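Coordinate inspection notes
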Amino acid sequence: MKKFFTTLSNIWKIDDLRVRITNTLLFLLIYRVGSYVILPGVNYEVVKGQGGKEGLVGLLNMFAGGSFSRDSIFALGVMPYISASIVMQLLGIAVPYFAKMQKEGESGRNKINQWTRYLTIAITAPQAFFYVHTQLTAEAIYPGVAGSAFIILNVFVLTAGTLFVMWLGEKITDKGIGNGISLIIMVGIIAQLPQAFLAEFANRTTGTGGLIMFIVELVALVGVVMFTILIVQGTRKVAVQYAKRIVGNKQYGGVRQYIPLKVTAAGVMPIIFAQALMFIPATIGSFFPNASSNGILISLINYNSWLHNVIFAILIIVFTFFYTAITINPNQMADDMKKNGGFIPGVKPGQATAGYLDDIISKITLPGSICLAIVAVIPPLVSLAGVSSLFSRFFGGTSLIILVGVVLDTLQQIESHLLMRHYDGLMKTGRITGRTSIPTNSGASSPVI
């Protein structure tokens, strides 16, 4: 405990770190307050009694910190911005114009950010229109308010709300600590935890299982979190030797370094892609009511069915290989290594090095993808054991991987500030390694949410 308070004191002594943490907390407070501001013309008393959401809507509601079900001005959250970022990343691989832009350094990144903002508006506006039509019930709207003006106003407000949340995320990244967009998502997920915890506690103590079963659930949750930390932090270190260079009276190189290749370099993206495809059957069922009587379609829509989870796990494994292949370029890594006078001991520079790295990445991606699939299918499995649907989401899936990754990333940045100013780190032994940066085709680093 003394070590903990000493660390807090060291953090407070560093002016830059103190200001950054304070700014981060203030920006996150603004976001949480805004998530309770209701859309104009909507009756909050009716919205308050609507309860939680399930399926895709429940997932979006979790990422938005409950704003989706509250009909808040931040109801769409940052998901349109994330979708735009993914599209721009894929365009950088498929379209030469954007690939060239990625290699232009700071000016290229500024152009890509500008394109991402425009694309965010293009994605948010239709989503806001469908939100007003599908999520705002007639009972929730004040009498005499509904009409074209009401729709246009709320589409504008929802779009502006998403852009404001995006701006908050960029300000947190610039003036605060950690990745702003990731922190906003994390705060939205954590905001649901107390409610889920209390509901599960009440369910166990007053219903089946009792307090012993609730304690078993908490122990299982700790075990799943430890397993998730293991796969998020897992790396394969590849030794790289740099040749000696003499410049003037100084010697450079001649040392051995390591390239940390992550076991789950794709991060949470494979789960997001797989979930997007698994929502297609539910969409088909909503458009074609007669198709909902099909047994296979019912099994695909049911999140607790074996067919749904087996296909979901297979899609995660496939998308892990796909996303890793498009984000990590062994040829670019080999070329950069060769230009800087580096080589892998026992491997020829150039194409042989690229093949060697590609072989290692393929070998570590398979167990990484299987582990991601296991974590992703844990929530429906624990639901079958009697855990409530809201609390089961914290046992795995997208939410848990985001929570673990963002917390580790933020702690790693705080520790780097402490070590840079010759203070002890956050831990007595070892170092907290972040997972924010992975090599891209342009040789730069990009955040994985």
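A brief report on the enclosed structure follows. Model, not experiment: these values are computed from the prediction.

1. Examining the pattern of salt bridges
Here the idea is simple: oppositely charged side chains can pair when their charged atoms come close. Summed over the entire model, instances satisfying the criterion amount to seven salt bridges. Of the charged contacts in the structure, one is a salt bridge between D16 and R20, with a shortest N-O distance of 3.5 Å. With a gap of four residues between them, D16 and R20 both fall in helix α2 (residues 15-34), about one helical turn apart. Given a relative accessible area of 33%, D16 falls into the partly exposed group. Between E200 and R204 there is a salt bridge; the shortest N-O distance is 3.2 Å. Of the two residues, E200 and R204 both sit in helix α11 (residues 193-206), four residues apart, roughly one turn of that helix. R204 matches E200 in its accessibility class, with the two residues each being buried. When salt bridges with common partners are traced through the structure, they connect E200, R204 and E217 into a single cluster.

2. Observations regarding the sheet that holds strand β1 (residues 235-242)
Read from one edge to the other, the open sheet built from three strands follows the order β4-β1-β5, with strand pairing classed as antiparallel. Each edge of the open sheet carries a strand with a single partner, namely β4 (256-262) and β5 (342-343). Bridge count for β1 against β4 is seven bridges, and the pairing is antiparallel. Among the inter-strand pairings, V240 is bridged to a residue of β4, identified as Q257.

3. Some details on empty space enclosed by the protein
Scanning the entire structure with this criterion turns up two cavities of 30 Å³ or more. Counted as a void, the second largest cavity has a volume near 40 Å³. In terms of lining, the second largest cavity is formed by L261, K262, A265, T324, I328, I361, I364 and T365. Of all the secondary-structure elements, those providing two or more residues to the lining of the second largest cavity are β4 and α18 (351-384). Top element by residues in the lining of the second largest cavity is α18. It accounts for three residues. Of the residues belonging to the lining of the second largest cavity, the class tally is five nonpolar, two polar and one charged.

4. Here we look at the side chain of S67
Tracing the backbone shows S67 in helix α5 (residues 67-70). S67 sits in the buried class, given a relative accessible area of 0%. Apart from residues lying up to four places away in sequence, S67 is in contact with S35, N61, S72, F74, A75 and Y131.

5. Here's the deal with the environment of M213
Position of M213 relative to the elements: it lies in helix α12 (residues 210-233). The spatial distance from the C-alpha of M213 to the C-alpha of F201 is 9.7 Å, given a sequence separation of 12 residues.

6. Side note on the packing of α11 against α12
The description of two packed helices rests on the angle between their axes and on the distance between the axes. Where α11 meets α12, the closest approach of the two axes is 7 Å, and the angle between their N-to-C directions is 145°. Of α12, the residues touching α11 (which contributes F197, E200, F201, R204 and T205) are G210, L211, M213, F214, E217 and L218. The class makeup of the residues in the contact of α11 with α12 is six nonpolar, two polar and three charged.

7. Digging into the packing of α12 against helix α20 (residues 397-420)
Running from N to C, α12 and α20 point in directions that differ by 65°, and their axes come no closer than 10 Å. At the point where α12 passes α20, the crossing takes the right-handed sense. Along the contact surface, α12 presents V224, V225, T228, I229, V232 and Q233, while α20 presents L400, I401, V404, G405 and L408. Within the contact of α12 with α20, the residues separate by chemical class into eight nonpolar, three polar and no charged.

8. Looking at a nonpolar patch on the surface
A cluster of nonpolar side chains, namely F201, L211, I212, M213, I215, V216 and V219, defines an oily patch on the protein surface of about 640 Å² accessible area. Among the elements that line the nonpolar patch, the one with the most residues is α12, at six residues. On the basis of relative accessibility, which here comes to 34%, the residue M213 falls in the partly exposed class.

Cut-offs applied
Residues numbered from 1 in each chain as written. Predicted model: local features only at pLDDT ≥ 70, side-chain atom pairs only at ≥ 80, totals over all residues. Heavy atoms only, no water. Salt bridge = Lys/Arg side-chain N within 4 Å of Asp/Glu carboxyl O. Helix = DSSP H or I, 4+ residues; strand = E, 2+ residues; numbered from the N terminus. Buried < 20%, exposed > 50% of the residue type's maximum accessible area, 1.4 Å probe, protein only. Pairing = 2+ DSSP bridges. 1 Å grid on protein atoms, 1.4 Å probe; cavity = no way out; pocket = protein on both sides within 12 Å on 5 of 7 lines; lining within 4 Å. Points joined across faces, edges and corners; volume = space filled by probe spheres on them. Nonpolar A, V, L, I, M, F, W, Y, C, P; charged D, E, K, R; others polar. Contact = heavy atoms within 4.5 Å. Axes fitted to C-alpha atoms, helices over the stretch in contact; angles between N-to-C directions. Left-handed = near helix turned anticlockwise from the far one by under 90°. Patch = residues over 30% accessible without salt bridge, like charges linked within 9 Å, V, L, I, M, F, W, Y side chains within 5 Å. Areas by Shrake-Rupley, 256 points an atom, 1.4 Å probe, with all protein chains shown as cover.

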